[in-house]
Every structure is written in structure tokens, then in C-alpha cells.
Amino acid sequence: MLDEIEQEREGWRRKAREVAKNVVAPRAAEIDETGEFAWDLVEAYSKYGFLSLVISKEYGGMDTDITSFCLVTEEIANICASSALLVIVQAVGTMPVVLGGTNELKERVLPQLAKEKGLICFCLTEPDSGSDAASVRTKAVLKDDHYVINGRKCFITNGGVADFYTVFAATNPDKKIEGITSFVIKKGTPGLTIGKTEEKMGIRGSNTTEVILEDVKVPINQRIGDEGAGWWQMMRTLNRSRPAIGAQAVGLAQGALDYLIRFVQGKGLAKGKEDRLGVQLTLADMAVEIEAARALVYKAANMMDEKVKGAPVQMFSAMSKYFASDVAMKVTTNAVQILQWEGLTKNHPVERMMRDAKVIQIFEGTNQIQRMVVAHTLLKGR
Ligand SMILES: Cc1cc2nc3c(=O)[nH]c(=O)nc-3n(C[C@H](O)[C@H](O)[C@H](O)COP(=O)(O)OP(=O)(O)OC[C@H]3O[C@@H](n4cnc5c(N)ncnc54)[C@H](O)[C@@H]3O)c2cc1C
């Protein structure tokens, strides 16, 4: 008998699988080819609650745990990783408000995301501050009843399509991480404009842009929590979202393996002749590595859900992101190798998955940075 929580999680997995099969699958190749933002998916996801997973019920959201968030992401990424990113980014942009916002700010922002199909994005990276997020150059200066924000953000997912922008800025640069503060800014606020839209090799259906802030006046009540709380809101958000990025990588890798199994069976490479053994052993390795990545992802998610004091959540979240995306890269590269000319063909599903896997190794903190987080935790205090 599944207990109530497991039943609920299973329900989310079923729903996501259904949407992936019926709504995402017919669109995946076209989304990749055109690189256009899929407004029809916003419509479908919002109907199923995928855009308000981490918002509590009092604001109209679904109030799921991190495990369910990962399950939804994995199922969609099994068909199209780019389409899964829409679910992740919405949660990433929302979480600082959920974790640190006043009730009044939550009341003004969250129902618009949960009930009115509003999109939100997460604006941290800048041209001179990517991995080294502590040195954010965007400045917010308090003047009477509002802040004046100036700076330039880059590689912002959904930058060109969002209704709200969660922006990290320095309110006191001398204090380094203690001087970082976050704000929610509404689309259309004077001074907030969209710069270059990136043309990417993978995850092409997600909209990635520069966000430019020039003398943007932001009322104090749009600050998320206290001055100086931004760094911790950002870290707590990434601890929750990195397992979901890991789940995105697991779903993608599983999608590639599923395709490859059908291919190998269809070509008669599965009959056990010695000269085909190499292909079969590669399939076995892929399956084992995907299962190992999946176990790590759900261990990290479960650690977050159980809220055990002192648990190394940051380390497991980093481990799950980098291990799963490295597995996805390896699995898709080997899959293309086995598919040969077919896999090299432009817009082949596995070719798309290989390009998408490369991007997952880079965003939400590169895999080198995740390794540093793990090493730092291992060595701390010894
Ligand atoms: C498709 C896509 C979507 C994105 N979406 C968002 C978004 O929505 N919001 C947002 O804020 N950001 C977003 N990003 C930005 C992303 O998180 C950054 O690209 C990433 O954190 C790396 O920063 P950077 O590009 O400035 O590289 P850099 O920090 O300049 O790093 C360059 C290289 O050096 C390595 N490196 C850097 N420091 C070290 C170190 N100390 N030790 C070892 N290696 C190191 C890095 O791993 C990397 O390989 C997105 C990026 C992409 C590609």
C-alpha cells in the first residue's frame, strides 16, 4: 500500500507523463528547430499546475514537495529537456519570494503566477559575475521610499517572456555576500529592458536573454525580505532546484536509452552474437549509470523534503546536478556513436538530447563549480 505522500507523488508522475506524451512529444522537434518559445506549453502546464508547484495552496499553488517537483521534471525531460526547463525556471524564480518574501509581497506576486499564467525569471548572472556570484555588480541604492537599480544581467532564462523578474543586486558592495539583496520587479517597469536573445546549441526552446536595468525605481515593498538576505535566499533556492536539474538530466538520459533500445532491437543487434556484444554491454552501462544518477537525485530531493537538521543538503544537491548531467552527456554521446549516421542527422531526437545535455552541464552553476561545492563540504572542519 502506498502511503498518502507516495500516492500524491505518483499522481504527479502520472500527470507529467501524460502531458509529456500528449502535449510535449508532438512539439519537441519543432520547438528545437525553431527555437521559439512555446506559449502553448505555458497554457498546458498552467492547467495542470506545473507552473505553481512550489507555491502554497493559500496563494493558489500546488504546494508539492521537492521529490514531486523532480518527478514532473524527469517525466517531461524524458521527451524534451527544453520543455522541462520551463517548469524548473518558474520554480527557481518563485522560490526566493516563497522563502523570504513578506506575506504582503507573496499576496501581490504568487497568485498571479499560480492563477493567471504569469511567468517569473531568476536574474543572477552578469557579464562579469557568473560562477563568482558573490561579486554581483548590479547595484540597488535606497532613495526615500524606493531603490534605484542599475546593472546588466545575462543568460537569463525566460528573460524576454516573463511577467516578473527576481533580481539580485548589491545594496552594500563592501559587505560582499552579506550585502546582496533580492527584489521582484514587474515587467514594464520603466528602465527594465531586454537585450540580446541568445541563439543556443541546445535547450533551444527556452528563451535566454540579457536583462538591462537602467535607473529602475523599485518600491521598498518589492524587496524580498531584509537587506542582505539575498545570498541566502539564492543558496536555499539553488539547493532545491539543483536536484530538479539532475532530474531533468536523468529524464533526458533515459529518453536516449529508450530510443537506443528500440533501435538495437529493430536492427537485430540484440541477439547476442559476439560481434554485437559491445553494443549490448554499452546499453547495460548506460542503464546502470542512469539508475545511479536517479538514486542520487531522489536522495538529494528526499533530504530536502525530510528537513533533517544538519543534513548535507547543499553537497547532495550539487552531487546530483553534476553526476546526473555528466551521465546524460556520456549516455547521449555513446548513443549517437551507436546510432552512427542516423544519430548525426540534424533534428534526430538523440542528436537533440546530446546538445541539450551539454547545456545542462553548464547552467545552474557549472559542473566544475558543483565539484568545488562537494569538495568544500568534504574538507570543511577536518
Ligand atoms: C542556457 C542557459 C540558461 C541560463 N539561465 C540562467 C538564469 O535563468 N539565471 C541566471 O542567473 N543565470 C543563468 N545562466 C547562467 C549560468 O548559470 C552561468 O552561465 C554559469 O553559472 C557560469 O557562469 P559564466 O557563464 O559567467 O562562466 P564563468 O563563471 O566565467 O566560468 C567560465 C568557466 O570557468 C570555470 N570556472 C569558473 N570559476 C572556477 C573555479 N573557481 N574553479 C574551477 N573552474 C571555474 C567554469 O566552470 C566555466 O567552465 C544560464 C546559462 C545558460 C547557458
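Residues numbered from 1 in each chain as written. Predicted model: local features only at pLDDT ≥ 70, side-chain atom pairs only at ≥ 80, totals over all residues. Heavy atoms only, no water.

(A) Up close: unusual backbone geometry. Here the phi dihedral of Lys117 falls at roughly 60°; this positive angle occurs in a residue that is not glycine. Tracing the backbone shows Lys117 in the loop between helix H6 (103-115) and strand S1 (120-123). For Lys117, a relative accessible area of 37% puts it in the partly exposed group. Phi is positive for Ile203, close to 45°, though the residue is something other than glycine. Within the element layout of this structure, Ile203 appears in the loop between strand S6 (192-197) and strand S7 (208-219). According to the relative accessible area criterion, Ile203 is buried, its value standing at 1%. (Helix = DSSP H or I, 4+ residues; strand = E, 2+ residues; numbered from the N terminus. Buried < 20%, exposed > 50% of the residue type's maximum accessible area, 1.4 Å probe, protein only.)

(B) How the structure looks around the pattern of salt bridges. In the structure shown here, the tally under the stated rule is 20 salt bridges. Residue Asp163 is joined to Lys187 by a salt bridge in which the shortest nitrogen-to-oxygen separation is 4.0 Å. Highlighted residues: Asp163 in the loop between strand S3 (146-157) and strand S4 (164-170) and Lys187 in the loop between strand S5 (180-186) and S6, separated in sequence by 24 residues. Residue classification places Asp163 among the partly exposed positions, given a relative accessible area of 25%. (Salt bridge = Lys/Arg side-chain N within 4 Å of Asp/Glu carboxyl O.)

(C) The domain arrangement of the chain, seen in detail. Taken domain by domain, the chain consists of domain 1 (4-115), domain 2 (120-228) and domain 3 (231-379). Between the C-alpha centres of domain 1 and domain 2 there is a distance of 22 Å. Contact residues are listed per partner, giving 27 residues for domain 1 and 21 residues for domain 2. Interface of domain 1 and domain 2: buried area, both sides summed, is about 1,900 Å²; carbon and sulfur atoms make up 65% of it. (Domains from an automatic or database assignment. Contact = heavy atoms within 4.5 Å. Buried area = accessible area lost by both parts, 1.4 Å probe.)

(D) View of a negative patch on the surface. Residues Asp3, Glu4, Glu6, Glu8, Glu58, Asp63 and Glu107 make up a contiguous surface patch of negative charge. Looking at the negative patch element by element, the count peaks at 3 residues for helix H1 (residues 4-24). Within the fold, Asp63 resides in the loop between helix H3 (39-48) and helix H4 (66-77). For Asp63, a relative accessible area of 43% gives the class partly exposed. (Patch = residues over 30% accessible without salt bridge, like charges linked within 9 Å, V, L, I, M, F, W, Y side chains within 5 Å. Areas by Shrake-Rupley, 256 points an atom, 1.4 Å probe, with all protein chains shown as cover. Lys, Arg positive; Asp, Glu negative; His and termini not counted. Charge placed at Lys NZ, Arg CZ, Asp CG, Glu CD.)

(E) How the structure looks around helix H7 (residues 230-266). Compared with the 54 Å implied by 1.5 Å per residue over 37 residues, the 53 Å span of H7 between its first and last C-alpha is a close match. Along H7, the largest kink reaches about 30° and is centred on Asn239; proline Pro243 follows within four residues of it. Just downstream of H7, Gly268 is the residue with a positive phi angle, here 70°. (Expected span 1.5 Å × (residues − 1). Bend = angle between axes of the 7 residues up to and from the residue.)

(F) Geometry of the nonpolar core. Counting residues in each nonpolar core, the largest one holds 83 residues, and the members touching the most others are Tyr45, Phe50, Phe69, Met234 and Leu260. Top contributing element to this core by residue count: H7, with 16 residues. Not counting residues within four places of it along the chain, the set of residues in contact with Phe50 comprises Trp12, Lys15, Ala16, Val19, Tyr45, Val72, Ile76 and Val87. Grouped together as the second largest cluster of nonpolar side chains are 17 residues, Cys121, Cys123, Ile149 and Phe183 included. (Core = buried A, V, L, I, M, F, W, Y, C linked by side-chain atoms within 4.5 Å.)

(G) Structural view of the packing of aromatic side chains. Scanning all chains against the criterion turns up 6 aromatic pairs. Between Phe37 and Trp39, the aromatic rings sit 4.8 Å apart at their centres with planes inclined by 75°, giving edge-to-face as the arrangement. Residue classification places Trp39 among the partly exposed positions, given a relative accessible area of 47%. (Phe/Tyr/Trp six-rings, centres within 6.5 Å; stacked < 30°, edge-to-face > 60°.)

(H) Up close: the site of the ligand. Near the ligand there are 18 residues, and of these Thr125, Ser131, Phe155, Thr157 and Thr366 occur at the shortest range. Within the contact set of the ligand, a nitrogen atom lies 2.7 Å away from a side-chain nitrogen or oxygen of Thr125. Gln368 has a polar side-chain atom sitting 3.1 Å from an oxygen atom of the ligand. Taken together, the residues of the shell around the ligand sort by class into 9 nonpolar, 7 polar and 2 charged. Residue-level mapping places the shell around the ligand at the junction of two domains, with at least three residues from each of domain 2 (120-228) and domain 3 (231-379). (Near = heavy atom within 4 Å. Polar contact = N/O pair within 3.5 Å; in protein donor to acceptor, adjacent residues only side chain to side chain. Nonpolar A, V, L, I, M, F, W, Y, C, P; charged D, E, K, R; others polar.)

(I) Main features of the state of the cysteines. Per the counting criterion, the structure on display carries 0 disulfides. For the unlinked cysteine Cys80, the closest cysteine sulfur is that of Cys70, found at 18 Å. Just so you know, Cys121 is unpaired, no disulfide at all, and the nearest cysteine sulfur is the one on Cys123, 3.8 Å from it. (Disulfide = S-S within 2.5 Å.)

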